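Residues per chain are reported as follows:
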Amino acid sequence: MRECLLNYLACPSCAGAILLASEAHREGEQIIEGQLSCGLCRRTWPITRGVPRFAALDEIEAEKAATAAGFGWQWQRFTQADEKYAQQFLGWIAPVEPDFFKNKVVLEGGCGKGRHTQLAAQWGAREVIGVDLSAAVETAFAATRDLPNAHIIQADIYSLPVGRLFDYAFSVGVLHHLPDPQGGFRSLASKVKPGGHISAWVYGAENNQWITRWVNPLRRRLTSRMNPNLLLQLSKVPTAILFAATKLIYGPLNRSANGASLAGHLFYNDYLNAIAPFGWREQHTIVFDHLVAPTAFYISREEFAQWWRDIGAGEVDISWHNRNSWRGFGRI
Ligand SMILES: [Zn+2]
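About the cut-offs
- One numbering rule holds for all chains: residues counted from 1, following each sequence as written.
- In view of the model being predicted, local features appear only for residues whose pLDDT reaches at least 70, and side-chain atom pairs are presented and counted only at 80 or more, with totals across whole chains, interfaces and linings using the full set of residues.
- As a convention, hydrogens and water are excluded, and side-chain values are obtained from all of the structure's heavy atoms.
- Each reported salt bridge corresponds to a side-chain nitrogen of Lys or Arg within 4 Å of a carboxyl oxygen of Asp or Glu.
- Numbering of helices and strands starts at the N terminus; helices are DSSP runs of H or I of at least 4 residues and strands are runs of E of at least 2.
- Whether a residue is buried, partly exposed or exposed follows from its accessible area with a 1.4 Å probe, protein chains only, as a fraction of its type maximum: under 20%, in between, or over 50%, in that order.
- Paired strands, as defined in this entry, are two strands with at least two bridges between them according to DSSP.
- Here a cavity denotes grid points, spaced 1 Å and computed from the protein atoms alone, that fit a 1.4 Å probe unable to get out, and a pocket denotes an open set having protein on both sides within 12 Å along at least 5 of 7 lines; residues with an atom within 4 Å of a point are the lining.
- Grid points are joined across faces, edges and corners, and a volume is the space filled by probe spheres set on the points.

Novice: Explain the pattern of salt bridges residue by residue, including any values.
Specialist: For the structure shown, the criterion picks out 10 salt bridges. E138 is the partner of R53 in a salt bridge, and the nearest nitrogen-oxygen pair spans 3.0 Å. In this pair, R53 is assigned in the loop between β4 (51–52) and α1 (62–77) and E138 in helix α4 (residues 137–144), connecting sequence segments 85 residues apart. Look at R53 and you get buried, because its relative accessible area is 11%. For D167, the salt bridge identified is with K193, shortest N-O distance 3.1 Å. Here D167 is found in strand β8 (residues 166–172), whereas its partner K193 is found in strand β9 (residues 192–203), with 26 residues between them in sequence.

In structure tokens:
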């Protein structure tokens, strides 16, 4: 971590200022090993391999830990970069554009391997702090350590060790995997300054009944409990079906003038057309993602709208993404 991160940290127990108590190893501006402490209640947290650790996986509840461990394992493995990430990210946070990040202090709730933290930093955020509970912070740190305005911390979204100092917070694809998605949203929103903004993207309940009916029970009872290496191999079977369908049917039909109207009637067309350009590894990641997490909620528009009313957000813009998920943007 860089020392300037201290300006944004606050004790998750007492909201006291967090100080650098000791420093054992530094590489350039990065403190690699050391200890942080609360100036008020004296709690301490280690800095390990460059990342301040406000939550260790053995301290948190089993279900959250299992989700984080599954994704952590995945994020550490799928480290392929892809230029489509930027477009995908903008699809999840629309109407936000890259310019919006300029000079803003930004918080990402659930940064995974840090690809969005990295984009936010490259798009000119003054500072961006990516928070994740899982071991993916190792990859996120490696991906962002050379960006002077990017910071990674390992912490629980329900107990964020930061002050209410952010111009913009966002969370994409994470809240629906929490045991209490709305609680996570509320916690993230509580760190945004009045007049600042927040974005969230969640799985929709609408159009996903086939997942809640068929995939969820399988995921809960079987795939999320499996050895991730075995699941990675087995998930190649549904990926092969998805890959063939998108490359041979959905992609070509949607691209052809005569086929597009026909494609509109196909099952899950908007989403499958959107992922049709993706390569094998990326589609494999998507399938694995859906099978590995023990917790996944599918949220209706009405329920999502209620989240925004409950935090008192203004100018709320909720829109349908690929007809299977909701994205929201609003002012605190
Ligand atoms: Zn404290």
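Novice: I'd like to hear about the sheet that holds strand β1 (residues 18–27), residue by residue, with values.
Specialist: Remark on secondary structure: sheet strands pair via backbone hydrogen bonds, oriented parallel or antiparallel. Taken together, the four strands give an open sheet; going across it, the order is β1-β2-β3-β4, and neighbouring strands pair in antiparallel fashion. The open sheet is flanked by β1 and β4, the only strands paired with a single partner. Where strand β3 (residues 44–48) meets β4, two bridges bridge the pair, whose relative direction is antiparallel. Counterpart to T48 in the pairing with β4 is V51.

Novice: Go over empty space enclosed by the protein, please, and point to the residues and values.
Specialist: Enumeration according to the criterion identifies two cavities of 30 Å³ or more in this entry. Approximately 50 Å³ is the volume attributed to the largest cavity. Every residue along the wall of the largest cavity is listed here: M1, R2, Q30, F141, T144, R145, A150, H151 and I152. Mapped by element, the contributors of at least two residues to the lining of the largest cavity are α4 and β7 (150–154).

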